[in-house]
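Observations on chain architecture
Now for the letters of each chain:
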Amino acid sequence: MKYKTLEDIDLHGKRILIRLDLNVPIKEGKVMSTARIDMSLPTIRKVSQAGGKVMLMSHLGRPTEGQFTKRYSLNLVADILSDCLGQNIPLIDDYLLNEPPLENGDVVLFENIRFNEGELENKESLSRQYASLCDVFVMDAFGAAHRTQSSTYGVGFFAKEVCAGPLLVAEIQALSRILKHPLRPMVSIVGGSKVSTKLVLLDNMMKRVDTLIPGGGIANTFLVASGIDVGNSVYEASLVEFSAKLIQSARELGKNILLPEDVVVADRLAADVSVAVKPVSDIGMGDMILDIGPKTCEKYRKVIQASQTIIWNGPLGVFEFEVFSQGTREIGQAIFDSNGYSVAGGGETLAAIEQNDLADGISCISTGGGAFLEFLESGTLPIFTMLEQSV
Ligand code: 3PG
């Protein structure tokens, strides 16, 4: 992979457009993890201190394109950035109509780029508009590096100069270590809410690892594929057959896919609901699986302890609710306690790490969720095509 970095470019006095991944988890108006913001700060400081006129852009969530929706505004992110950087970071929403007047060293944040029509489909006219705002485009959003959208990809074909940002470079280097020289045994824990997006990546992932531990809705889909009735639980019906094939090919390859033996269930997802621990064979019609049970925790803990490389992407239960947070906490703690090389990433995982104070025990924390999985699965990412053509 060949690409320019910030070191290759004179930033002084130039208009620098930086694509970050500031897609932070927000619950009830509160940012649950500032990790993606915190990890972007060195890049912002570096470009601003070099005398660049800094324009930051990011997506937040998945709003309907072409319309402003308050809950997807980056206003909370702008406030946190202002606090962290000790200066007011204005949130600009009309940047496509009026180029913001900036002095050297100034930093502004553009409103959620997914409000722009054409962003997701990588519309050329929008990519050109982004490019016209800057002298240099810096791609530093590792978390969105698997997206070929206007702000992550298209803009790079029209900007005068293009480079990879320091966070992106650092993440690629850390993950490449796992791809090139993995210590074995290697276990991958993949859970979280983006069930279908992640499930389809598990085919290749399974070939790289020795043991795969699916969590959340992904695990439920595997349970269904193995003939277990999951009651009212979330699972991906369209991927049951795919999961059954994965179980079959894991067997043929001598790999393990571990599934829950016991689970925490409730009749609805709420903080004050009464819960029960049940073996997976006893799940009732109205039950929703919302966490793994204690026997399962213990089984997974032993595998993690015995592994030399641990990949963690996505929580095991609905950890945002205290009653369903035990499984994720225990698995996180097992990774923290392990002597293996551990890499953890994804918005929800970062929040779980922060919530349980586990960061110091994880060898490499990645801002990427889907990007992290896709890179480990395929060994490349679409943005490299864009970065390489600009060298
Ligand atoms: C993520 O949270 O994985 C990234 O920010 C990408 O978000 P997306 O899946 O909505 O593109």
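First, a word on scope: everything that follows refers to the structure included in this document.

This paragraph deals with helix α4 (residues 166–180). Look at α4: 21 Å from first C-alpha to last across 15 residues, which is about the 21 Å you get at 1.5 Å a residue. Considered for burial, the residues of α4 that qualify are L167, L168, V169, E171, I172, A174, L175, S176 and I178.

Of the residues making up helix α3 (residues 124–132), those classed as buried are L126, S127, Y130 and A131. Seen from one end, α3 has its buried residues packed into an arc of 140°, which puts them on one side. Residues of α3 that are buried sit in contact with β1 (15–19) and β4 (53–57).

So, about the pattern of salt bridges. Evaluated as defined, the whole model comprises 15 salt bridges. A salt bridge links E241 to K245; the shortest N-O distance between them is 3.8 Å. Highlighted residues: E241 and K245, both in helix α8 (residues 240–253), separated by four residues, approximately one helical turn. Exposure remark for K245: the relative accessible area of 56% places this residue in the exposed category. Note that E298 is salt-bridged to R301, the shortest N-O span being 2.8 Å. A residue pair is termed a helical-turn pair when its members lie 3 or 4 positions apart in one helix, as E298 and R301 do in helix α9 (residues 294–305) at three residues. Look at the salt bridges and you will find they share partners, linking R15, E99, D135 and K160 into a network.

This brings us to the packing of α4 against helix α12 (residues 370–378). Axis separation between α4 and α12 bottoms out at 9 Å; the angle between their running directions is 40°. When the axis of α4 is compared with that of α12, the two are oblique. Here α4 and α12 pass one another in a crossing that is right-handed. Residues I172, L175, S176, I178 and L179 of α4 touch α12, and the partners they reach there are F372, F375 and L376. Here the residues of the contact of α4 with α12 are counted per class, giving seven nonpolar, one polar and no charged.

Turning our attention to the site of the ligand. Within the structure, the ligand sits among D21, N23, R36, H59, R62, R114, G143, R147, K194 and G370. Interatomic distance of 3.1 Å between a side-chain N/O atom of R36 and an oxygen atom of the ligand. Contact between the ligand and R62: an oxygen atom at 2.7 Å from a side-chain N or O atom of the residue. Taken by itself the ligand offers 310 Å² of open surface, and the protein chains cover 94% of this.

This part covers the sheet that holds strand β15 (residues 309–313). Spatially, β11-β10-β9-β15-β16-β17 is the arrangement adopted by the six strands of the open sheet, whose pairing is parallel. Sheet topology places β11 (256–257) and β17 (364–366) at the edges, where each strand pairs with a single neighbour. Here β15 runs beside strand β16 (residues 341–345); their pairing, made up of four bridges, is parallel. Bridge pairing in β16 links W312 to A344. Sheet strands touched by α9: β9 (186–190), β10 (211–214) and β15. Its angle to β10, the strand with the most contacts, is close to 145°.

Looking along the chain, the bond that leaves R184 and enters P185 is cis, with omega of 5°. Inspection of the secondary structure puts P185 in the loop between α4 and β9. Positive phi, close to 50°, is recorded for E28, a residue that is not glycine. Judged by its relative accessible area of 77%, E28 is exposed.

On to the packing of aromatic side chains. Scanning the model with the defined rule gives five aromatic pairs in all. Aromatic side chains Y3 and F384 sit 6.2 Å apart centroid to centroid with 20° between the ring planes, which places their arrangement in the stacked category. With Y3 in the segment before β1 and F384 in helix α13 (residues 383–389), the pair connects residues that are 381 residues apart, well separated along the chain. F384 gets classed as buried once you look at its relative accessible area, which sits at 2%. An aromatic cluster is defined as three or more aromatic residues linked by ring pairs; in this entry it consists of Y3, F375 and F384. The ring centre of Y341 lies 3.8 Å from the NZ or CZ of R177, which sits over that ring.

Definitions and cut-offs
- Residues numbered from 1 in each chain as written.
- Predicted model: local features only at pLDDT ≥ 70, side-chain atom pairs only at ≥ 80, totals over all residues.
- Heavy atoms only, no water.
- Helix = DSSP H or I, 4+ residues; strand = E, 2+ residues; numbered from the N terminus.
- Expected span 1.5 Å × (residues − 1).
- Buried < 20%, exposed > 50% of the residue type's maximum accessible area, 1.4 Å probe, protein only.
- Arc of directions from axis to C-beta.
- Contact = heavy atoms within 4.5 Å.
- Salt bridge = Lys/Arg side-chain N within 4 Å of Asp/Glu carboxyl O.
- Axes fitted to C-alpha atoms, helices over the stretch in contact; angles between N-to-C directions.
- Parallel < 35°, antiparallel > 145°, perpendicular 65-115°, else oblique.
- Left-handed = near helix turned anticlockwise from the far one by under 90°.
- Nonpolar A, V, L, I, M, F, W, Y, C, P; charged D, E, K, R; others polar.
- Near = heavy atom within 4 Å.
- Polar contact = N/O pair within 3.5 Å; in protein donor to acceptor, adjacent residues only side chain to side chain.
- Areas by Shrake-Rupley, 256 points an atom, 1.4 Å probe, with all protein chains shown as cover.
- Pairing = 2+ DSSP bridges.
- Phe/Tyr/Trp six-rings, centres within 6.5 Å; stacked < 30°, edge-to-face > 60°.
- Lys NZ or Arg CZ within 6 Å of the ring centre and 35° of its normal.

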